[in-house]
Each structure stands twice: as C-alpha cells, then as structure tokens.
Amino acid sequence: WPDAIVSERENAGRPCLTYNLLLNFVNTISNQIRKDWPQAKIVPVESDRNTPENVPNKAGTKDYSMAEVFGGMIRHIEHISKADQAYDTAVEHSVQHSFGFFRAITQYSNDSGFQQDIKIARIKNSYNVLLDMSGEEADFSDANDGFVFSRINRQVFKRKYPNIQSPNLNTGDDYQHWYDSESLMIAEYYYIEFQDDELLQFSDESMSYLSDVEDILDELADAGTTVLRRRPVMKRQCMWVKTTGDAILEGPLEIPSSYIPIFAVVGKELIVDGRTEFHSAIRHGRDPQRSYNYWRTAAAETVALAPKSPYIIADEQLEGHETEWEDANSKNEAYLSYNHVEGLQRPGRDYPSSIPAAELS
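Presented here is a report on the structure given in the accompanying data block. Please read these numbers as outputs of a predicted model, since none were measured by experiment. (Residues numbered from 1 in each chain as written. Predicted model: local features only at pLDDT ≥ 70, side-chain atom pairs only at ≥ 80, totals over all residues. Heavy atoms only, no water.)

## Overview of the pattern of salt bridges
Line of reasoning, step 1. Evaluated as defined, the whole model comprises seven salt bridges.
Line of reasoning, step 2. Across the salt bridge formed by Glu 250 and Lys 242, the nearest N and O atoms sit 3.8 Å from each other.
Line of reasoning, step 3. Residue class for Glu 250 comes out partly exposed when judged on its relative accessible area of 30%.
Line of reasoning, step 4. The exposure class assigned to Lys 242 is buried, which follows from its relative accessible area of 12%.
Line of reasoning, step 5. Measuring nitrogen to oxygen at the nearest pair gives 3.2 Å for the salt bridge that ties Arg 275 to Glu 277. (Salt bridge = Lys/Arg side-chain N within 4 Å of Asp/Glu carboxyl O. Buried < 20%, exposed > 50% of the residue type's maximum accessible area, 1.4 Å probe, protein only.)

Now the structure itself:
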C-alpha cells in the first residue's frame, strides 16, 4: 500500500486489509530449491581409476581417490555444523528479497584443547552482510572484501573486552549508527591482501611458493631437488579483523584461505542502466499484490457500509400486521401477511448495488 493511502485510511478510520498471497509461492520455491540443493561432491581432476568403488584394481587393492576423501570431509563438516539450517535460511532470504548468505568459520572443538573445527555458520539477518559484488564471477570468488555486522550488549562488551573502553554516545554523527544507550555494533571485516611472489616447480614435480622455501633452496639443491620452472604470481591472502566504530577489537589475523569465506545465494541477475541488480522470486508480484489488497479492501468496505435490505411497504398494507413484520428479521416465519391496496404492488426489499465480480476474484 502506498503510504499516502494508508495514512488517509487510518485517519478516516477506514479498513486497509492485507492478504499475503505470496507466502505460498515463497514456501513452494524454497522447498523445491532445498530438494534440489546439490550434495557435496568433489570431482577428481586426475584419476587412473576406471573401476567402480570398492572393486579391486589391477594391483588387487581397493583404490579410493582423494576426491572421495575430500567429499567425505565436506559432508562431515556439514553434519557437525547443521549446515542445512544455514542453507535453508540463505535460500529463503534469496527467494524473499533476492540475497542470502552463509559463511565458513573455525571454532575450538572444546574448552580443554587447541583443536579447531571448520563449520558452516548460519547468517540470520542477510542485511547484516556487505560483500564486494563488483567482480565478474557468479559465485563471487573474486570478491576483495566483506563485512559481517552484529550488535552486542554493552555489559557483554565490557566483560568480553575489558581493556577497551566502551564508547559513549557523544562521538558525533560519524558513529551514530554504531552506538546506542544499550548496545553497540561489531563488524567482522574480511579483506584480501595481494603479495608479489614466485611459483616454483621442482624436479620431483612438487610446487611451492618462493616465500615458503626461500630459506631452504640451497638444502634442496644439495639433496638433488632443483628448480625446473618458475613464474611470477600475485598471491592472495585473506585477512580478518574485528572492529567497532572507533577501535580494533581483534586482529588483523591471517585466515587460511585465499577467498573471502562468505557465500552468497542470490536471485536472478540483471543489468539495469549498467548496474547489477538481483531480483527475488516475488519481486514482480508486488503490484499485483497491492491491486488484490485494494480490491479486497474495497469489497469489505462496500459490504460493511451497505445498508440493510429493508422492506418497502405502505402503512395501509401493514395495518394489523405490525408485530409480524417487526419480528421478520429475527424469526423464520413461513409467510408474511399484508393488506392488499388497489394500485400498490406487494411489499418488496430494497437491495443495495452489487459488488463488482472483479473485486472478489
């Protein structure tokens, strides 16, 4: 509903009804996407196995490719992460308003050790994510930075970061969206650092970056491992920092990845006036929904304001039958008597104008 119409109707005490017909479409599309969501499967690039799984090869042993190992690891990560919840939330957001997100994080397995697990984390509010979408790749793997925002209670902030002074509300307009009297905003910032490096290929067919083996090149040469080829590369390194409006809380830290670990699930991609837009599944249902709400409201208003259908009858026709006619609206009488008056038609109801069929369709 346009704001002007809603305001006018509210001030006049008139109805303004809303029938959400799009919810069923959202549920249907989301359920179908969940049903067709691809399972984790790694396709081997190089494999000499031509026999089905668990069938002995020529050497008489069972050959399990690394692709199967990695696939199993990913399915295990999905299982311990309850990844279905993250996927479902991202899909529903994409269907409803064209974009949803989930991300990969690491967490300590327990409080008594240093082992960490990779987990797929749900992002409850997709509006709390800002991801670089200026690249060319459909999966946004060439994104160079991204933010994940959250709000934290001031008391929790003091307990979690005792060495950092909690900001006050007099920090000026530059920070008005970061702080309020009860909470403050936290931003996790991922960004890519680019480093000039060289990729080396050794005589044993292994490959390494020069920055990783520069100190042991002489030892490798003495052991008979020489450099066969080298080429310059731009090495990508993902960094992470947690910050609030005017203070660094944690980091910067290196993330063991060359990509931003935020994954986007978006709607249909369109180029409009040179800009990239993403449309949800129900974007073009907004105006039909408004039209439907308008006509249903008009129908309800017409019925509510329509007068009852009274009988039109002359006084002479009613004389002697007043009680019978007064109870006609509350009792189911078999018949109603009236006095015939020459020149007058029998009593009849005065029906209001009918509601157009288009209003109720």
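## Examining the pairing of strand E5 (residues 183-202)
Remark: a regular strand shows side chains that alternate across the two faces of the sheet.
Line of reasoning, step 1. The buried count for E5 comes to 14 of 20 residues, which makes it a mostly enclosed element.
Line of reasoning, step 2. Note that strand E4 (residues 145-153) and E5 share nine bridges and pair antiparallel. Across the sheet, Asn 153 pairs through a bridge with Ser 183, a residue of E5.
Line of reasoning, step 3. Of the pairings in the sheet, the one linking E5 to strand E7 (residues 227-244) comprises 16 bridges and is antiparallel in character. Following the sheet pairing, Tyr 191 is matched in E7 by Met 239.
Line of reasoning, step 4. Direction of pairing for E5 relative to strand E6 (residues 207-209): antiparallel, over a ladder of three bridges. Across the sheet, residue Gln 201 finds its bridge partner in E6, namely Met 207.
Line of reasoning, step 5. Between E5 and the antiparallel strand that follows it, E6, lie four residues; Glu 205 among them carries a positive phi value of about 75°. (Helix = DSSP H or I, 4+ residues; strand = E, 2+ residues; numbered from the N terminus. Pairing = 2+ DSSP bridges.)

## Here we look at the sheet that holds strand E1 (residues 99-108)
Line of reasoning, step 1. Spatially, E2-E1-E9 is the arrangement adopted by the three strands of the open sheet, whose pairing is antiparallel. Looking at which strands have only one partner, the edges of the open sheet turn out to be strand E2 (116-122) and strand E9 (262-266). Averaged over all neighbouring strand pairs, the angle between strand axes comes to 20°, with direction disregarded.
Line of reasoning, step 2. Summarising the sheet, E1 and E2 pair through seven bridges and their orientation is antiparallel. Its bridge partner being in E2, Ile 105 is matched across the sheet by Lys 119.
Line of reasoning, step 3. Its contacts with the sheet place helix H4 (residues 83-97) against E1, E2 and E9, and it is angled at close to 160° to E1. (Axes fitted to C-alpha atoms, helices over the stretch in contact; angles between N-to-C directions. Contact = heavy atoms within 4.5 Å.)

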